[in-house]
Amino acid sequence: MTTTEASPVHDVDFKLELYRSQVALRRFETRAYDLFLENYVKGTSHLSIGQEAIAAGVAAAMRPDDWTFATYRGHAHTLARGVAMTPVFAELMGRSNGLMAGKGGSMHLTSVEHGVMGSYAIIGAHLPIACGAAWSAQYRGTDQVAVVFFGDGTVNIGAFHEALNFAAIWKLPVVFICENNLYMEYTRTSEVTAVTHPAADRAAAYGLEPILVDGNDADAVYAVARTAIERARAGGGPSLIEAETYRHGGHSRADPGKYRPDEEVALWKSAERDPVSRYRTRLLELGVDEPTLARIEADVDAEVDAATEAAKAGAAPGEDLLMKDVWANGGAEWRN
Amino acid sequence: MAELTYREAIARGIAQEMRRDESVLFLGEDVGAAGGVFKGTVGLFEEFGPVRVRDTPISEQAILGAAMGAAMTGLRPIAEIMFADFFAVCWDIVANEIAKSRYMTNGQMSFPLVIRSGNGGGLRFGAQHSQSVENWAMMIPGLKVVVPSNPRDVIGLMAAAVRDDDPVIFLESKALYPTKGEVPEGEIVDALGTATVLRQGEHATIATLGLMVPRALAAAEELAAGGIDCTVIDVRSLIPLDTQTILRETSATGRLFTVEENPRVLGWGAEVASIVAEEVFYDLDGPVVRITTPHIPLPAADTLEDMALPSVERIVTTIHKAMNS
Ligand SMILES: Cc1ncc(C[n+]2csc(CCOP(=O)(O)OP(=O)(O)O)c2C)c(N)n1
Ligand SMILES: [Mg+2]
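Note that this is a predicted model, so its numbers are computed, not measured.

**Student:** Quick one: what's the story with the interface of chain B and chain A, residue by residue and with numbers?
**Tutor:** Size of an interface, as often reported, equals the accessible area lost when the parts are brought together. On the side of chain A, 42 residues touch chain B, which itself brings 49 residues to the contact. Our count for the chain B to chain A interface comes out at two salt bridges. Linking chain B with chain A are 22 residue pairs in polar contact (both at pLDDT 80 or more). Elements with a contribution of two residues or more to the side of chain B that touches chain A: β2 (24–28), α2 (44–52), β3 (53–55), α3 (60–72), α4 (91–104), α8 (243–253) and α9 (268–279) of chain B. Counting residues per element, the side of chain B that touches chain A draws most heavily on α3 of chain B, at nine residues. Of the residues in the side of chain B that touches chain A, the class split is 20 nonpolar, 15 polar and 14 charged.

**Student:** So what's going on with the packing of α3 of chain B against α4 of chain B? Residues and values would help.
**Tutor:** Residues and elements named next belong to chain B. In contact at an axis separation of 11 Å, α3 and α4 are set at 5° when each is read in the N-to-C sense. Judged on the interaxial angle alone, α4 and α3 are roughly parallel. Where α3 approaches α4, its residues Q61, L64, G65 and M68 are matched on the opposing element by I93, V94, E97, I98 and S101. Per-class residue counts for the contact of α3 with α4 are five nonpolar, three polar and one charged.

**Student:** Could you give an account of the sheet that holds strand β4 (residues 76–83) of chain B, naming the residues involved and the relevant values?
**Tutor:** All names here are of chain B. Reading across from one edge, β3-β2-β4-β5-β7-β6-β12 is the order of the seven strands in this open sheet, with mixed pairing throughout. Edge positions in the open sheet fall to β3 and β12 (237–239), since each of these has one partner strand only. Each adjacent strand pair in this sheet contributes to an overall mean axis angle of 20°, direction not counted. By the bridge criterion, four bridges tie β2 to β4 in an arrangement that is parallel.

**Student:** I'd like a rundown of the site of ligand 1, residues and numbers included.
**Tutor:** All names here are of chain A. The immediate surroundings of ligand 1 are formed by 15 residues, with Y72, R73, A121, G153 and T154 found nearest. For ligand 1, a nitrogen atom lies 2.9 Å from a polar atom in the backbone of A121. Protein burial of ligand 1: of its 580 Å² of free accessible surface, 74% is covered by the chains. By residue class, the composition of the shell around ligand 1 is seven nonpolar, five polar and three charged.

Here is what the cut-offs are and how they apply
Residues numbered from 1 in each chain as written. Chains lettered and ligands numbered in written order. Predicted model: local features only at pLDDT ≥ 70, side-chain atom pairs only at ≥ 80, totals over all residues. Heavy atoms only, no water. Contact = heavy atoms within 4.5 Å. Salt bridge = Lys/Arg side-chain N within 4 Å of Asp/Glu carboxyl O. Polar contact = N/O pair within 3.5 Å; in protein donor to acceptor, adjacent residues only side chain to side chain. Helix = DSSP H or I, 4+ residues; strand = E, 2+ residues; numbered from the N terminus. Nonpolar A, V, L, I, M, F, W, Y, C, P; charged D, E, K, R; others polar. Axes fitted to C-alpha atoms, helices over the stretch in contact; angles between N-to-C directions. Parallel < 35°, antiparallel > 145°, perpendicular 65-115°, else oblique. Pairing = 2+ DSSP bridges. Near = heavy atom within 4 Å. Areas by Shrake-Rupley, 256 points an atom, 1.4 Å probe, with all protein chains shown as cover.

Just distances and angles here, no functional claims.
What follows is the structure, encoded as structure tokens:
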């Protein structure tokens, strides 16, 4: 099994950008949680607090025309591709200035112009769909790569296995990224899974190399993602990456996550494990000064505040949207 | 005019579209060199090669997921689900992913794809290879559903389905594969949502679909000999549904009978009957009567399957009784 270490391949500007991205994801999600508690965000939402290094690190390795397929835990993956905060907040709040004008909600964030080809809330469904996009790129010779994110619990549903085999036999340009945060909803995945490493231990079954990476180290994630993406682009076929991480909070909504031992939560939230704190320390060690980092953080805070207000200012979606876009002709007629 | 089988028309319909448009690809189990388990796609692999006509593993979710991903990125895939009963193992991709994603994303994505499948009974295959599932597909917002009843319509509706920018479930009545029909030379392109009136009568209207069309026509002949003259409508397209033709022909005769292969409960005729009741109730001279398969899984034995599916005899007796009471 290959475990990839952080490689200081890039200059400080690149790393500052990666830091900014992680801070933005953290603070967006923190605000989203507050807005949920204030009843601005209805329904449900699934946050990536603690898992930011994966979305940020992978996005940094993607070309603008590559495709992301995310899950219901997809705010971070959507923002990391360059989607602005305002339409994402507004979508969470069910406003007409939302990314999908309020028609999708938190679990279905999509921005085709940014290559965010949907967020899917049926476990495993998007893995075969990502294969289809990759097949399309292969057929048309466009060099595009499909990257698909999913959780550790997802390795036990049939669609995972169908997609992995399919991608392998057709040598599709698709990169599968399992965010192993140890839990499904309220159950530890290891309690219901036959192997130790939910994704990596399955790689051999599809003729793939097992790849395990520290998912809380954005540099390490970036390095494995870049290798896998460029391999896929060059015709080398799919990769399956297991990135080990942890969600600081509960599964969704206001879940307090009480099914997890206190020591475990404390360990993963500690400055040594938390991806954002770790990356900050690394930058300081590389000689970046404190004011530079503080400025990035202040800029992000200002962006989050402005986006929150702009989103709140949006109107509720009107009746004109209700019967719109069932069909490609823009309408919903099913009879004459 | 040439005479083709329904089976040969499938391959011709797909070939017509693949020749015209490089973005049309075809995938499914055993569809390549083997030409399909029903031999419905013989010749496509030879003409278009293994890149455009692709054999897949037995992975229905992957087949339809691949079609969906390809469609959202600009291709026009045709995917085969061998037997329509197998939709049950990939229904998430059909009902939750393909059908909903355009609406959920506020129109950011289109899914110009066709899923064709061998549907229905008549071949003694038993309950897991015989169900008529057009009502499953019809009840999902976001899916179009067509069921051709003859070789010419197979080609015309296939062209319409492939060229449509929305997902179309294309259900082929398996028992019709060996049946023959006249097919004109050259390109054939139909419009979705158009029913055809196959026979014009003055006493009663029969709306039907797929395998039931030849049976309804045969029944109409018998009924005519006994003095009941029927109009027969081949509905062809369930979504979009050509209600205007059905309403007009129902009003003209004052009676409507549906002949449906799907199991009784919430079969497509229930929707048709409710539309007729709401919109042309005062033109009716008697109740709408549905002739369907009972609400049972289909049995395998010849005798039992024949009792289950609406037969010419059952259509004749039911209509005769209803018209004389
Ligand atoms: C087919 C299906 N089964 C169950 C669910 C309910 N569900 C939503 S999230 C989830 C847990 C998924 O765990 P994992 O794959 O580890 O992802 P994570 O939420 O940890 O990111 C479950 C069971 C679902 N959405 N879809
Ligand atoms: Mg998990």
